[in-house]
Amino acid sequence: MHQNLDSRIQTLLKQKNWPTLTKIQEMSFPSISNGNNTLIIAPTGYGKTEAAVLPLFNQMINEDVKPVAVLYITPLKALINDLSLRIDWWASKLGS
């Protein structure tokens with residue numbers, strides 16, 4: 001688990017039965033946390049959505065940052081709908 005990950009996010013990861021972040025999530029965490037523009041490229045099912053949003057939620061929790069704007073580009077409308085549900089789940093659990 002990433003050492004800078006807020007305990008509330010760690011608890012939710014355990015609730016989802018995710019013992020650790022994926023390699024993609026670990027690799028992208030510092031770049032996104034530092035505010036860098038970051039391009040994440042990986043096959044389906046590698047955790048790209050969480051790689052993008054977990055550092056943002058972590059920063060929102062640690063710094064009480066509001067509001068936040070994120071541009072997330074996807075090639076398919078169905079994917080956008082799925083992402084929206086997943087991001088809403090995290091946000092509702094974290095109170096964002």
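As the structure is a computational prediction, the values presented were derived from the model and not from experiment.

A. Just helix α1 (residues 7-15), in detail. Residues I9, L12 and L13 constitute the buried set of α1. Take α1 and look down its axis: the buried residues cluster within an arc of 105°, on one side only. Turned more than 90 degrees away from the buried face of α1, the exposed residues are S7 and K14. In this fold, the buried residues of α1 make contact with α3 (48-63) and α4 (77-94). After α1 finishes, the residue N17 shows a positive phi value of roughly 60°.

B. The arrangement of the packing of α1 against α4 in detail. Running from amino to carboxyl end, α1 crosses α4 at an angle of 125°, the nearest separation of the two axes being 11 Å. In terms of orientation, α1 and α4 fall into the oblique class. As α1 packs across α4, the resulting crossing turns out to be right-handed. Note on element contacts: α4 touches α1 through W89, W90, K93 and L94, opposite R8, I9, L12, L13 and Q15. Taken together, the residues of the contact of α1 with α4 break down into six nonpolar, one polar and two charged.

C. Representation of the nonpolar core. L5, I9, L13, L54, F57, W90 and L94 are the most contacted members of the largest nonpolar core, which has 14 residues in total. Going through the elements one at a time, α1, α3 and α4 are the ones with two or more residues in this core. Not counting residues up to four positions away in its chain, the partners in contact with L5 are Q10, L13, L21, F29 and N58. Judged by nonpolar contacts, the second largest core, of six residues, contains I24, I32, I40 and A52.

The rules we used
Residues numbered from 1 in each chain as written. Predicted model: local features only at pLDDT ≥ 70, side-chain atom pairs only at ≥ 80, totals over all residues. Heavy atoms only, no water. Buried < 20%, exposed > 50% of the residue type's maximum accessible area, 1.4 Å probe, protein only. Helix = DSSP H or I, 4+ residues; strand = E, 2+ residues; numbered from the N terminus. Arc of directions from axis to C-beta. Contact = heavy atoms within 4.5 Å. Axes fitted to C-alpha atoms, helices over the stretch in contact; angles between N-to-C directions. Parallel < 35°, antiparallel > 145°, perpendicular 65-115°, else oblique. Left-handed = near helix turned anticlockwise from the far one by under 90°. Nonpolar A, V, L, I, M, F, W, Y, C, P; charged D, E, K, R; others polar. Core = buried A, V, L, I, M, F, W, Y, C linked by side-chain atoms within 4.5 Å.

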